[in-house]
Amino acid sequence: MNYTASRALALGEALRRTLGRPVEFVLVAGATAVLLGAGALAALALWRAGPLDVPSAARPQALVLAGGAQGEIDLGALQTALRRVATVASSEFVGRDAALSQLAQRKNLSSLGLAELRPNPLPDAFVVGFTAGAAPEAIEAAVAELRKVKNVESVEYQPELYRRIWLLGQLGSRLGVLLAAALAAALVIGVALTATLWGRVDPEEIRLLDLLGAEPAIVRRPYVYAGAIKAVIDEQTDPQLIAVMKGYDYRKVVDNGYVERLVKEGFFEKLFGSSVKAEEERKAKLAFR
Amino acid sequence: MHLERVEKRYGEFRPALVGLDLSVARGELLLVQGAAASGKSVLLRLLAGLETPSGGVIRIAGENLAGMRPRARAHLRRSMGILPPGGCLLERKSVLENVALAPWVAGAALEEGMRRARAALDLVGLDVARYGTAPCAHLTSGQRQCVALARALVNRPALLLLDDVLSALDETSAARIIGVLDQFSAAGVTVIAALRSAAPSLPMAMWPARARALRLADGRSVA
C-alpha cells in the first residue's frame, strides 16, 4: 500500500466513521442547514428590499389604438378605463404628433414616405403594460376585455411570443429551484462532513506526520506519464476533438528531458538516498517520450 | 553536514543559537550537551529542516537546507530518524502502529512496515509479543522512549537526530541504546544526540570513545 492509496483508504475510513455516527451527523447537518437557511433568508430579504428590475421581455405589452378623430374622444377617460382592466399595470399615452416626430427622427425613413404619412394621420395610441409574470391566459382575457372598452379601435398583442417567453420563464424558474435545492443539499452534506471530520483531526498526528516527512507523493514523480496523456484523450467523446488531440504533438509542451538529466546526474539519489533508484527506473519506463 | 555562522532568534527574546560553526562527517557520533535552554533542541530542529535559521547556512550533502522547498525538506526528513523531546507518540495507537507509521509515510507496504517495526522494537529491547498491541498511553516513560527511538531507527535513516535520547531510561536500557547507536554510527549513519548535562546519572564513559562532544551554553558553542 503506497502513501496515496493509504490516504484514499484513510478518507474512506473517515467517511465510514462519519456515517457510522448518525446522531452526530444529523446534528451537524441540521445546524449547518439552519445557518444556511438563515443566510438565504437574509439574502432574500435584501433582494426584496431593493426595487425589482424586471426584464422587458418578461413585461408583456399591448398597443391599444384609439378610434375617432382628434378631439372627439376623452383620452383621459379612456386611459382610466384601460387601467381598470384586470392585470393591466400601466398605460402610457402615445399621441399621434409624438409618434410622427419619432418617425421623423428615423434616418432610414425617406422624406417621401413621411410626406405620404402626413395626410393620413396616425391614430392616438396607448402602450398598455400588464403585470410581470402574469399567466398568458389572464393577459389574453384582459386583451379581449380591452377590445370591448369604448373608443378602442383595435388592440395589437402577440400572444404566441409571450406564451413562449412565459413558458421559458416557468421552466427556468423550476430548474433554478431544483438546482438551488441540489446545491443547498450538497453544501449541507459537504459542510457537515467537513465539520465532522475536522473535529476528528488530531493535531498531534499532523505534527508527527510532518516530522516524519509526510506530504503528497507527487514530488517523487516528476515525470509526466504517457498514460496520463492517453487517459485525457480516452476520456473525450467528441470524435473531432479526439482527432485533434491525437494529432497534436505533445512534445511541444511536455519535456521530460530535464528530469532525465537530473536523474542522470544523481540529483534525486543525492536528495533522497540510493533507495530511490528502483523508483526512478520504474517511473522512467512510464514517462512520456 | 556543515553549519556556518548559524543563528536562530525568536522575536525579541535572546537568541537561541549564536554564530554556530560545525562540521559533522558521515558516520560520526556527535553528542550535543548543555543545560536546559542552551539551544540543543533548536539545533536539532534546524538540522531536521523543521525551522529555518535566522542567519548563516546549513548544508546537508552539499544542499543548502534553507534553499530547499518545503516538499523537498519533507522528503529529506524521510531519510532522517528524528526523536523529538517527549517522543511525540500517538497515545491511542498501539506500539506497533506508532513505529510502523514511519515506514508507511515513507511509502513502504503495510506488512513491510510492520515487519520493520518488530525488528526495530527488538533492537531497542522492547518485547513486541508483550507490548506490540498495547496503546502507548499504557506504557511507562522509559518504554515510551524506546518506542519513539524504534520509530526513529525503523527507516534505516542516513542521519539520526535524537533529542534527549537517554531521558527516562535506566542504566541497562541506556547502555543498550548507546550500543545500538554505536552500531548505526559504525555502519555509516550520522548520529547527533542531544544530552542534558544536568543528568549526570549516566556517565559519558558509557559512550564509545570515538564519540565527539559539542557543548552548548546560551546558544553558543563552548570549549
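### Here we look at unusual backbone geometry
So, point 1. With a phi close to 70°, A:Thr87 is a non-glycine residue in the positive phi region.
So, point 2. Examined against the element boundaries, A:Thr87 turns out to sit in the loop between α3 (75–84) and β2 (88–94).
So, point 3. The class of A:Thr87 is partly exposed, set by a relative accessible area of 23%.
So, point 4. Even without a glycine there, the phi angle at B:Cys88 is positive, about 55°.
So, point 5. Within the element layout of this structure, B:Cys88 appears in the loop between β6 (80–83) and α3 (95–105).

### So, the pattern of salt bridges
So, point 1. Tallied over the entire structure, the rule returns twelve salt bridges over all chains.
So, point 2. In this structure, B:Arg9 engages B:Glu7 in a salt bridge whose closest nitrogen and oxygen atoms are separated by 3.4 Å.
So, point 3. For B:Glu7, a relative accessible area of 23% corresponds to the partly exposed category.
So, point 4. B:Arg212 serves as the salt-bridge partner of B:Glu28, at 2.3 Å between the closest nitrogen and oxygen. Of this pair, B:Glu28 sits in the loop between β2 (17–23) and β3 (29–34) while B:Arg212 is found in strand β9 (residues 212–217), placing the two residues 184 residues apart along the sequence.
So, point 5. Accessibility expressed as a relative area gives 17% for B:Glu28, which makes it buried.
So, point 6. When salt bridges with common partners are traced through the structure, they connect A:Glu137, A:Glu140 and A:Arg163 into a single cluster.

### Some remarks on the packing of aromatic side chains
Residue and element names in this part refer to chain A.
So, point 1. Counted according to the given criterion, the structure contains two aromatic pairs over all chains.
So, point 2. Between the aromatic rings of Phe93 and Phe126, the centroid separation amounts to 5.3 Å while the plane-to-plane angle is 50°, which identifies the pairing as tilted. Of this pair, Phe93 sits in strand β2 while Phe126 sits in strand β3 (residues 125–130), and the two are 33 residues apart along the sequence.
So, point 3. The exposure class of Phe93 is partly exposed, given its relative accessible area of 36%.
So, point 4. Relative to Tyr157, the ring of Phe130 lies with its centre 6.2 Å away and its plane at 70°, an arrangement referred to as edge-to-face. Of this pair, Phe130 sits in strand β3 while Tyr157 sits in the loop between β4 (152–156) and α7 (159–198), and the two are 27 residues apart along the sequence.

What counts as what
- Residues numbered from 1 in each chain as written.
- Chains lettered and ligands numbered in written order.
- Predicted model: local features only at pLDDT ≥ 70, side-chain atom pairs only at ≥ 80, totals over all residues.
- Heavy atoms only, no water.
- Helix = DSSP H or I, 4+ residues; strand = E, 2+ residues; numbered from the N terminus.
- Buried < 20%, exposed > 50% of the residue type's maximum accessible area, 1.4 Å probe, protein only.
- Salt bridge = Lys/Arg side-chain N within 4 Å of Asp/Glu carboxyl O.
- Phe/Tyr/Trp six-rings, centres within 6.5 Å; stacked < 30°, edge-to-face > 60°.

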